[in-house]
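Commentary on secondary and tertiary structure
Chain residues, written in single-letter form:
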Amino acid sequence: MGRAKLKRINGLEERLNVLQEGHSLYDSIKSNWRKGCFKNENPIILELACGKGHYTTGLAKIYANKNFVGIDVKGDRLWVGSTNALEDGLKNAAFLRAQIQHINHFFDTDEVDEIWITFPDPRPKDRDIKRRLTAPRFLNLYKDLLKKRGLIHLKTDNLPLFNYTIEVLEERNDVKILESTYDLYQSTLITAHHGIQTEFEKKFLQNEIPIKYMVFQFVD
Ligand SMILES: C[S@@+](CC[C@H](N)C(=O)[O-])C[C@H]1O[C@@H](n2cnc3c(N)ncnc32)[C@H](O)[C@@H]1O
């Protein structure tokens, strides 16, 4: 690992807006995000696989009356998001360094209002299907922590992952796909993404790969 990357990861320990092992709130944050972290009663929106957290900080700037938490395992990417949030004085943006499969250790039932999943790893191999962030076991975790009818947005460049997600959702009787497009930038749904582009999205757009987008919710 390069020295600059290591320095960024070590620097996270001093960041109040990054919850990772060692942070005073790390073990007690479940059901405590509003009171303990954000000091308000506002809604909580997650960005999963956030990387550098473009939705976390981008939406936090637009919606001062909502709280945003970006989640990723990669400390150096979170460091960039955390720096952007601090530089912009965003008190309603925070980051959690954790594996998403452990998300229920950090959020209680009904604690979350909305979820964005931004360009998750496609995990194309058969043996990795269960690691896709829209695999059934992940959807069940999201269902538990989301408030009733809370929205889940998915943005991806990857056609097989997008089609896989549609298949998984259509097999369930507790989900409704509200909107979906294979080409967001040619679609009337374009306003739904708030004009925010993530780091990976910019790369895909440079290579002229259409961005797929859907929004769905659990209905019972
Ligand atoms: C392709 S990148 C997308 C990053 C960012 N959303 C963007 O669009 O620029 C996928 C991210 O998901 C994170 N990730 C993948 N699986 C994860 C998991 N199970 N738990 C937490 N983070 C995960 C990776 O560390 C990586 O930063």
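Below is a summary of the structure that appears in this document. (Residues numbered from 1 in each chain as written. Predicted model: local features only at pLDDT ≥ 70, side-chain atom pairs only at ≥ 80, totals over all residues.)

**Digging into the environment of T57**
- Among the secondary structure elements, T57 is positioned in helix α3 (residues 54-62).
- Counting along the chain gives 37 residues from T57 to A94, while the straight-line C-alpha distance between them is 8.7 Å.
- Setting aside chain neighbours within four positions, we find T57 in contact with G81, N84, A85, D88, L90 and A93. (Helix = DSSP H or I, 4+ residues; strand = E, 2+ residues; numbered from the N terminus. Contact = placed C-beta atoms within 7 Å.)

**Considering the sheet that holds strand β5 (residues 112-118)**
- With mixed pairing, the eight strands of this open sheet are ordered in space as β1-β4-β3-β2-β5-β6-β8-β7. Lying at the two open borders of the sheet, with one neighbouring strand each, are β1 (18-19) and β7 (175-181).
- Note: strand β2 (residues 44-48) against β5, four bridges, orientation parallel. Paired with L46 across the bridge in β5 is I115.
- The strands touched by helix α4 (residues 75-87) are β1, β3 (67-72) and β4 (93-97); relative to β4, the strand with the most contacts, the crossing angle is about 170°.
- Against the sheet, helix α5 (residues 136-145) engages β5, β6 (146-156) and β8 (212-218), with an angle of about 135° to β6. (Pairing = 2+ DSSP bridges. Axes fitted to C-alpha atoms, helices over the stretch in contact; angles between N-to-C directions.)

**Here's the deal with the packing of α3 against α4**
- Relative to each other, α3 and α4 sit at 15°, their axes nearing to 9 Å. Comparing their axes, α4 and α3 come out roughly parallel. Here α3 and α4 pass one another in a crossing that is right-handed. Where α3 approaches α4, its residues T56, T57 and A60 are matched on the opposing element by G81, N84 and A85.
- For the contact of α3 with α4, a count of residues per class yields two nonpolar, four polar and no charged. (Parallel < 35°, antiparallel > 145°, perpendicular 65-115°, else oblique. Left-handed = near helix turned anticlockwise from the far one by under 90°. Nonpolar A, V, L, I, M, F, W, Y, C, P; charged D, E, K, R; others polar.)

**Some points on the pairing of β8**
- Across the seven residues that make up β8, a large majority, five, are buried.
- The pairing of β6 with β8 spans six bridges and is antiparallel. The partner of L154 across the bridge, within β8, is M214. (Buried ≥ 20, exposed ≤ 12 C-beta atoms within 10 Å, placed from the backbone.)

**Re α4**
- Taking 1.5 Å of rise per residue, 13 residues should cover 18 Å, and α4 covers 18 Å from first to last C-alpha, within 8% of that figure.
- Buried residues of α4: G75, R77, L78, W79, G81, S82 and A85, and no others.
- Where α4 ends, the next residue or the one after it, G89, has phi of about 65°, a positive value. (Expected span 1.5 Å × (residues − 1).)

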